[in-house]
Amino acid sequence: MQLAARSGAALLAWMGSPADPRDHATTTPLSGTDFAARMAQFAPFEPAPTIAVGVSGGRDSMSLALLAARWATQRGGNVVAITVDHGLRPESAWEARQVGDWLAAHGIRHHILRWPGPYPASGIQAAARQARYRLLSEYCRDRAILHLLVAHQREDQAETVWLRRERASGRHGLAAMAAISELRHVRLLRPLLDVPRARLAATLDAVDQPWIDDPSNLDSNMARGRLRSEVAHGSVAGALAIAAASADERLAAERAAAALAARALRFHQAGFITVDRSVLTAGAPEIVDHVLARAVMAVAGRTYPPRGERTQRLREAMSSSDDFRSRTLGGCRLVGQANWIHICREPARIGPSVPLQTGTDELWDNRYLVSVTKNLGEETRLDALTAAGWNQIVGCDPGLRESTLPYAARVVLPAVWHGDQVLAVPHLAYGDRVNPPFTAGLQLKWRPPLAVAPARFGKV
């Protein structure tokens, strides 16, 4: 960790000399008028808006917090800054408190959210990012805050383009980050996507406000850290040109993909999707890849698509004349039955169980909204049915063997467990044959974080 307060020009030293004068932009602080113009693209706002801002303590988010506070105050509203302490570094708790002290000096409310884990053995950055957005979104939900600002800026956008190109993400990925995303509980707004990092540093320099440099941002063992240290500044303009062109193509492709998905996909409340293979594979390859990726994301509860080359291989397998058997992609298992292919959750990738206590209202496996309104018994939990659980319940109720759900979908259904005993499986009506029904106090809704055909991509 480093405290930093230095000129914006110095911040660009690692990037080399600019190839395009416009890339150097300016080290003039971002004014309130400049920021208001960027916020105007997200209008309308309610009178006296309350805005949440994700603040890590870095230059970008600290600048955003100060600018957003001024903007909200001028409109009779207010800002609450939120820092998520992931607990991944020993100094993170101290840094979070330091951010609060700095913001308090500017009259800005601050709240710290802590991620208790569990920490995965691999993919820790992706898990931390997912946890961060979940915690921020839930904070906004609980306080009826409609707008969440995050501080991704111009170089972040460029790094995203190069990272996704390296991963063969296709045109949809190369469109990079959207200025606005509609999440389940809140609007996620990125008002700084066209602002150079140097200008945000200058904004803090103008008020003698230090910031925190997170060393993990330059960690060459992390993909984005490696790009940040390797990408020359002259590449920024090229990356943004790719993003702009790709965004236009993405908008056209999303319209075509939504139409194809409506014809080729059938959605089941049991959390799986059935694909009409002949209809889907008749589409243009790039559109088919997009529909497949989005369907996998919905079933797996993912917010990022699977790798482009793996999606392409799946499409090629589905298009071949050979029988489609079974494949996995992005946390899903795909099983074929003649012309129909079922996209189901992959058992080994399902998240941890959820304790079923009165008042529970959270996501299980990032896919199912779980609400408990009455006591379901001590130490009950929601978890996947599993093959062992299926064998257990058909032993008690042989009629369940007549279920029309594919077996791959049955074994990953949400089930109520107590110890090693299955008490209920709502989608199979197992456990409902008591008076009153055991599951009367349990509500389950399949609510993936992203739709297969989402709201239109928001360009910068």
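What you are looking at is a predicted structure, and each value in this text was computed from that prediction instead of being measured.

Draft legend 1. Seen up close, the overall build of the protein chain. Within the protein chain one finds 16 helices and 20 strands. Per-residue burial for the protein chain yields a buried fraction of 50% across its 460 residues. Taking as baseline every contact in the protein chain between residues at least 6 positions apart, the subset at least 24 positions apart corresponds to 70%. Element-wise, carbon and sulfur atoms account for 51% of the exposed surface of the protein chain, whose accessible area totals about 20700 Å².

Draft legend 2. Just the sheet that holds strand E19 (residues 421-424), in detail. Taken in spatial order, the 4 strands line up as E14-E17-E18-E19 in an open sheet, and their pairing is antiparallel. Each edge of the sheet is formed by a strand with only one pairing partner; in this case those strands are strand E14 (354-355) and E19. Contacts from helix H15 (residues 386-396) reach strand E17 (380-384), strand E18 (414-418) and E19 within the one sheet, and its direction differs from that of E19 by about 70 degrees.

Draft legend 3. Molecular detail of the pattern of salt bridges. Inspection of every chain in the model, using the stated rule, returns 14 salt bridges. Of the charged contacts, one joins Asp 142 and Arg 141 as a salt bridge, the two residues approaching to 2.9 Å between their closest N and O atoms. Asp 142 sits in the exposed class, given a relative accessible area of 53%. Residues Glu 346 and Arg 349 are paired through a salt bridge, measuring 3.7 Å at the closest nitrogen-oxygen approach. Glu 346 gets classed as buried once you look at its relative accessible area, which sits at 17%. A relative accessible area of 44% places Arg 349 in the partly exposed class. Ionic contacts of the salt-bridge type, sharing partners, join the residues Arg 89, Glu 91 and Glu 95 into one network.

Draft legend 4. Structural context of the confidence of the model for the protein chain. For the protein chain, the mean per-residue pLDDT works out to 85, and 83% of the residues sit at or above 70. Here residues 5-25 is a poorly scored stretch, pLDDT under 50, and it has 47 contacts once near neighbours within four places are set aside; other chains count.

Draft legend 5. Here's a closer look at H15. Three or more residues of H15 are buried, namely Gly 389, Trp 390, Ile 393 and Val 394. End-on view of H15: buried residues confined to an arc of 130 degrees, all on one side of the axis. Projecting away from the buried face of H15 at angles above 90 degrees are the exposed residues Ala 388 and Gly 395. Residues of H15 that are buried in the fold lie against helix H16 (407-410), E18 and E19.

Draft legend 6. Spotlight on the packing of helix H4 (residues 59-74) against helix H5 (residues 92-105). Between H4 and H5, whose axes approach to 11 Å, the crossing angle comes to 30 degrees. Between H4 and H5, the angle is such that the two are roughly parallel. Crossing hand, H4 versus H5: right-handed. Residues Met 62, Ala 65 and Leu 66 of H4 form the contact with H5, whose own contacting residues are Val 99, Trp 102 and Leu 103. Its residues assigned to classes, the contact of H4 with H5 shows 6 nonpolar, no polar and no charged.

Draft legend 7. How the structure looks around the packing of H4 against helix H9 (residues 197-205). At a minimum axis distance of 9 Å, the contact between H4 and H9 shows a crossing angle of 60 degrees. As summarised for this structure, H4 and H9 are arranged oblique, according to the angle between their axes. Viewed along their axes, H4 and H9 form a crossing whose handedness is left-handed. In contact with Arg 59, Asp 60, Met 62, Ser 63, Leu 66 and Leu 67 of H4, H9 contributes Arg 197, Leu 200, Ala 201, Thr 203 and Leu 204. Tallied by class, residues from the contact of H4 with H9 come to 6 nonpolar, 2 polar and 3 charged.

Draft legend 8. The pairing of strand E3 (residues 78-85), seen in detail. Among the 8 residues in E3, 7 count as buried, and that is most of the element. Note that strand E2 (residues 50-54) and E3 share 5 bridges and pair parallel. Looking at E3, one finds that Ile 51 is bridged to Val 79. Once the chain exits E2 it traverses H4 before rejoining the sheet at E3, and the crossover so formed is right-handed. Relative to strand E4 (residues 109-114), E3 runs parallel, the two sharing 6 bridges. Bridging across to E4, Val 80 finds its partner in Arg 109. Viewed along the sheet, the connection from E3 through H5 into E4 turns out right-handed.

Draft legend 9. Geometry of the environment of Val 299. Following the sequence through the fold, Val 299 ends up in helix H13 (residues 285-300). Of the residues examined, Val 299 reaches a relative accessible area of 0% and is grouped as buried. As for Val 299 and Gly 331, which are separated by 32 residues in sequence, their C-alpha atoms are 8.4 Å apart.

Draft legend 10. Representation of unusual backbone geometry in the model. Residue Ala 43 is joined to Pro 44 through a cis peptide bond whose omega torsion reads 5 degrees. You can see Pro 44 is positioned in the loop between helix H3 (32-39) and E2. Here the amide bond leading from Gly 117 into Pro 118 is cis, since omega sits at 0 degrees, within 30 degrees of zero. With respect to the helices, strands and loops of the structure, Pro 118 is situated in the loop between E4 and helix H6 (124-142).

Draft legend 11. Representation of the nonpolar core in the model. The biggest cluster of nonpolar side chains holds 64 residues, and the ones touching the most others in it are Leu 265, Ile 273, Leu 280, Ile 343, Ile 393, Val 425 and Leu 428. When residues of this core are assigned to their parent elements, the largest contribution, 9 residues, is made by H13. Not counting residues up to four positions away in its chain, the partners in contact with Leu 265 are Ile 273, Thr 274, Val 275, Val 291, Ala 295 and Val 452. Counting residues in hydrophobic clusters, the runner-up holds 36 residues, among them Ala 81, Trp 102, Ile 108 and Ile 212.

Draft legend 12. Spatial organisation of the sheet that holds strand E5 (residues 147-149). Judged by pairing direction, the sheet is mixed, and its 6 strands sit side by side in the order E4-E3-E2-E5-E7-E6 without closing on themselves. Two strands in the sheet have a free side with no partner beyond their single neighbour: E4 and strand E6 (180-182). Each strand axis lies, on average, 25 degrees off the axis of its neighbour in the sheet, ignoring direction. Of the strands in this sheet, E2, E3, E4, E5 and strand E7 (187-189) touch H6, which is tilted by about 145 degrees from E3.

Rules behind the numbers
Residues numbered from 1 in each chain as written. Predicted model: local features only at pLDDT ≥ 70, side-chain atom pairs only at ≥ 80, totals over all residues. Heavy atoms only, no water. Helix = DSSP H or I, 4+ residues; strand = E, 2+ residues; numbered from the N terminus. Buried < 20%, exposed > 50% of the residue type's maximum accessible area, 1.4 Å probe, protein only. Contact = heavy atoms within 4.5 Å. Areas by Shrake-Rupley, 256 points an atom, 1.4 Å probe, with all protein chains shown as cover. Pairing = 2+ DSSP bridges. Axes fitted to C-alpha atoms, helices over the stretch in contact; angles between N-to-C directions. Salt bridge = Lys/Arg side-chain N within 4 Å of Asp/Glu carboxyl O. pLDDT = per-residue confidence, 0-100. Arc of directions from axis to C-beta. Parallel < 35°, antiparallel > 145°, perpendicular 65-115°, else oblique. Left-handed = near helix turned anticlockwise from the far one by under 90°. Nonpolar A, V, L, I, M, F, W, Y, C, P; charged D, E, K, R; others polar. Right-handed = clockwise from strand over helix to strand, strands pointing away. Core = buried A, V, L, I, M, F, W, Y, C linked by side-chain atoms within 4.5 Å.

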